[in-house]
Amino acid sequence: MLIMLVGLPSVGKSTFSKNLSKKLIERNIDNIILGTDLIRESFPVWKENYEDYIKKMNKSLISEALDEGFTVIVDDTNYYNSKRRDLIHMANLKDKNCISIYLKAPLEVLLARNIARGAKIPNSVIEDMYLKFDEMGTKYKWDKPDLEIDTHLEAINFDEIIDKIFKLDDEKSSIKSTFKSKDIENSDNNDNYNFKNKLDVETRHIIGEFIKNNKNLSKEKIKRLSNYRKNYIKNLRDIEKDGIIIKNEKEFNEYILTLLEEFKSE
Ligand code: ADP
Ligand code: MG
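Bear in mind the structure is a predicted one, so any value in this text is a computation, not a measurement. (Residues numbered from 1 in each chain as written. Chains lettered and ligands numbered in written order. Predicted model: local features only at pLDDT ≥ 70, side-chain atom pairs only at ≥ 80, totals over all residues. Heavy atoms only, no water.)

Trainee: Quick rundown of the overall build of the protein? Include the residues and the values.
Mentor: On a plain count of helices and strands, the protein comes out with nine helices and five strands. Tracing the protein from N to C terminus, the helices and strands come up as β-α-β-α-α-β-α-β-α-α-β-α-α-α. A total of 266 residues make up the protein; the buried ones form 36% of that total. In the protein, the proportion of contacts linking residues at least 24 apart, taken out of those at least 6 apart, comes to 76%. (Helix = DSSP H or I, 4+ residues; strand = E, 2+ residues; numbered from the N terminus. Buried < 20%, exposed > 50% of the residue type's maximum accessible area, 1.4 Å probe, protein only. Contact = heavy atoms within 4.5 Å.)

Below, the structure written as structure tokens:
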């Protein structure tokens, strides 16, 4: 699975990641912590024009780690919902679950922690981010965090968190399998839909040919024939709701032939 952390600088993401990682391996979950800082720190200096590469590299490392079967802890601010959506999307494409954990703390705490560790980022930047941060899930339902942890108030209970993560992972997997069977149902409906379209085209064609070959049919008869056809398709539409349309494939041929015979003999 992919464990996506979300939180402002100094909230405690890297500390949390390391503790979570150790606890996960105690439970035999092979895992790796990844994030843009890891790549940033591999450069001797920081330059704005490195950022595109850093982000690209981060994505590809996460992707490959998931392919390898590792649980990935993404230690990044993941400040924008577009980044969160990308990570969820990546996990889902690989048929993995994404568990989002939102770490939060009051602004004063963030600023104090930032100063205490040397203020590599100016406090004003954190302040700005804090004020502009959209609460997760207010704009998009999918963006609601799976877990919210206040790194200020509570002593973090990692065993409890891991139990919750496992439970969420199971729940998400079972929702996914329900969706999958829904997809199968939908594809059946699609087949029905295609089948009905085929009938529509075919009956139109059969009746068109019939009219062409029987030039002495009265207008009234042609109209009746055309209504028969329409009603037949319409009735199929109703039957289709119960999902028994395929049963009517043979019935259709018999029906339309009988119908045409009747018209001919009238
Ligand atoms: P982030 O990765 O989110 O920027 P860090 O994990 O590096 O945050 O933590 C920032 C500072 O806050 C560090 O000095 C760390 O020791 C401290 N810190 C982290 N988590 C906690 C916590 N739960 N309680 C108190 N201090 C913490
Ligand atoms: Mg960090």
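Trainee: If you had to explain the nonpolar core to someone new, which residues and values would you point to?
Mentor: Core analysis: the biggest nonpolar cluster contains 43 residues, and Leu2, Ile3, Phe16, Leu20, Ile62, Ile101 and Ile165 have the highest contact counts within it. Sequence-distant contacts of Phe16, defined by excluding residues within four places in its chain, comprise Leu5, Ile101, Leu103, Ile149, Ile156, Phe158 and Ile161. Core analysis: the next-biggest nonpolar cluster, separate from the first, contains five residues, Ile207, Leu217, Leu225 and Leu260 among them. (Core = buried A, V, L, I, M, F, W, Y, C linked by side-chain atoms within 4.5 Å.)

Trainee: Hey, could you go over the side chain of Ser100 for me, with residue numbers and the actual values?
Mentor: Counting through the fold element by element, Ser100 comes out in strand E4 (residues 98-104). Exposure remark for Ser100: the relative accessible area of 6% places this residue in the buried category.

Trainee: How would you summarise the site of ligand 1 if you had to cite specific residues and measurements?
Mentor: Within the structure, ligand 1 sits among Leu8, Pro9, Ser10, Val11, Gly12, Lys13, Ser14, Thr15, Arg113, Arg117 and Thr151. Contact distances for ligand 1 include 3.4 Å between an oxygen atom and a backbone N or O atom of Val11. Taking Ser14, its side chain carries an N or O atom lying 2.9 Å from an oxygen atom of ligand 1. With the chains in place, 67% of the 550 Å² that ligand 1 exposes on its own is no longer accessible. When residues in the shell around ligand 1 are grouped by element, the largest group, three residues, is from helix H1 (residues 13-26). (Near = heavy atom within 4 Å. Polar contact = N/O pair within 3.5 Å; in protein donor to acceptor, adjacent residues only side chain to side chain. Areas by Shrake-Rupley, 256 points an atom, 1.4 Å probe, with all protein chains shown as cover.)

Trainee: Lay out the packing of helix H3 (residues 51-67) against helix H4 (residues 81-93) in plain terms, naming residues and giving numbers.
Mentor: Where H3 meets H4, the axes come as close as 11 Å, and the angle between the chain directions of the two elements is 30°. Considering the angle they form, H3 stands roughly parallel to H4. In the packing of H3 onto H4, the handedness of the crossing is right-handed. Of the residues in H4, those touching H3 at Asn58, Lys59, Ile62, Ser63 and Leu66 are Lys83, Asp86, Leu87, Met90 and Ala91. Classifying every residue of the contact of H3 with H4 by side-chain character gives five nonpolar, two polar and three charged. (Axes fitted to C-alpha atoms, helices over the stretch in contact; angles between N-to-C directions. Parallel < 35°, antiparallel > 145°, perpendicular 65-115°, else oblique. Left-handed = near helix turned anticlockwise from the far one by under 90°. Nonpolar A, V, L, I, M, F, W, Y, C, P; charged D, E, K, R; others polar.)

Trainee: Describe the pattern of salt bridges, naming the residues involved and giving the relevant values.
Mentor: Overall, the coordinates contain 19 salt bridges when judged by the stated rule. The shortest N-O distance in the salt bridge between Glu51 and Lys55 comes to 3.5 Å. With a gap of four residues between them, Glu51 and Lys55 both fall in helix H3, about one helical turn apart. With a relative accessible area of 7%, Glu51 lands in the buried category. Salt bridges linked by common partners bring Lys23, Glu26, Arg27, Asp159 and Asp163 together as one network. (Salt bridge = Lys/Arg side-chain N within 4 Å of Asp/Glu carboxyl O.)

Trainee: Explain H1 residue by residue, including any values.
Mentor: In this model H1 runs 20 Å from its N-terminal to its C-terminal C-alpha over 14 residues, within 8% of the 20 Å that 1.5 Å per residue would give. All buried positions along H1 are accounted for by Lys13, Phe16, Ser17, Leu20, Ser21 and Leu24. Seen along its axis, H1 keeps its buried residues to an arc of 130°; they face one direction. Away from the buried face of H1 by more than 90 degrees, exposed residues Thr15, Lys22 and Glu26 are located. Where H1 terminates, the next one or two residues include Asn28, which has phi positive at roughly 65°. (Expected span 1.5 Å × (residues − 1). Arc of directions from axis to C-beta.)

Trainee: With reference to specific residues and values, describe the packing of helix H5 (residues 107-116) against helix H6 (residues 123-132).
Mentor: Remark: H5 packs on H6, axes separated minimally by 10 Å, with the N-to-C direction vectors making an angle of 155°. Between H5 and H6, the crossing angle belongs to the class labelled roughly antiparallel. Considering only the axes of H5 and H6, their crossing is right-handed. Facing H5, whose interface residues are Leu107, Leu110, Leu111, Asn114 and Ile115, H6 presents Asn123, Ile126, Glu127 and Tyr130. Its residues assigned to classes, the contact of H5 with H6 comprises six nonpolar, two polar and one charged.

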